[in-house]
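# Structural overview
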Amino acid sequence: VQLQASGGGLVQAGGSLRLSCAASGRTFSSYVMGWFRQAPGKEREFVGGITRSGGLASYADSVKGRFTISRDNAKNTVYLQMNSLKPEDTAVYYCAADVTVWDKIEAVPDNYNYWGQGTQVTVSS
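Residues numbered from 1 in each chain as written. Predicted model: local features only at pLDDT ≥ 70, side-chain atom pairs only at ≥ 80, totals over all residues. Heavy atoms only, no water.

### So, the sheet that holds strand β3 (residues 17-23)
Taken in spatial order, the 4 strands make up an open sheet running β1-β3-β8-β7, and their pairing is antiparallel. Sheet topology places β1 (3-6) and β7 (67-72) at the edges, where each strand pairs with a single neighbour. Across the sheet, the mean angle separating the axes of adjacent strands is 15° when strand polarity is ignored. As paired strands, β7 and strand β8 (residues 77-82) are joined by 6 bridges and run antiparallel to one another. Considered in β8, the bridge of I69 is made with L80. (Pairing = 2+ DSSP bridges. Helix = DSSP H or I, 4+ residues; strand = E, 2+ residues; numbered from the N terminus. Axes fitted to C-alpha atoms, helices over the stretch in contact; angles between N-to-C directions.)

Put into structure tokens, the structure is as follows:
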């Protein structure tokens with residue numbers, strides 16, 4: 001499985017960005033997908049995740065109500081819509097795939113088997 005994240009950039013506080021993560025392979029619909037982020041000097045943290053069908057998404061408290069995760073299994077792509085961005089959202093954002101048998105969103109990075117290369121999001125104040 002190869003994951004390619006894109007869509008990062010520089011945005012002013014209050015602005016929006018949409019990240020995309022395109023996956024290779026024909027079994028994308030069997031992966032639980034997650035988004036994580038890592039700011040300089042900090043540990044990688046869970047942003048949110050979405051189940052295989054897209055029927056359920058969950059989010060970290062810090063982004064709840066501002067970020068939305070969706071997926072298009074026909075396009076092998078998962079999205080992270082980020083609104084009302086804050087300077088503290090500045091980080092490298094990673095998408096990840098959990099290919100284990102459980103259709104459950106995990107918040108721990110070690111539960112994910114494959115990772116994208118990351119895309120930088122910078123929010124200026």
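### Describing the environment of Y79
With respect to the element layout, Y79 can be found in strand β8. A residue is classified by how much of its surface remains accessible, and Y79, at 13% relative accessible area, is buried. As for Y79 and G34, which are separated by 45 residues in sequence, their C-alpha atoms are 9.9 Å apart. Not counting residues within four places of it along the chain, the set of residues in contact with Y79 comprises R18, L19, S20, W35, T68, I69, S70, R71 and D72. (Buried < 20%, exposed > 50% of the residue type's maximum accessible area, 1.4 Å probe, protein only. Contact = heavy atoms within 4.5 Å.)

### Here we look at the state of the cysteines
Tallying each qualifying case throughout the model produces 1 disulfide. Here C21 engages in a disulfide with C95; their sulfurs sit 2.1 Å apart. Judged by the torsion about the S-S bond (65°), the C21/C95 disulfide is right-handed. Taken together, the positions of C21 in strand β3 and C95 in strand β9 (residues 91-98) put the pair 74 residues apart, joining distant regions of the chain. Of the two residues, C21 and C95, neither departs from the other in class, the shared state being buried. (Disulfide = S-S within 2.5 Å.)

### Looking at the nonpolar core
The biggest cluster of nonpolar side chains holds 28 residues, and the ones touching the most others in it are M33, W35, F67, V78, L80, M82 and Y93. Elements represented by at least two residues in this core include exactly β1, β3, β4 (32-38), β5 (45-50), β7, β8, β9 and β11 (119-124). Filtering out sequence-adjacent residues up to four positions away, Y93 remains in contact with L19, F36, R37, V47, F67, L80, M82, G118, T119 and V121. With 6 residues, the next largest nonpolar core counts V32, F36, I105 and Y112 among its residues. (Core = buried A, V, L, I, M, F, W, Y, C linked by side-chain atoms within 4.5 Å.)

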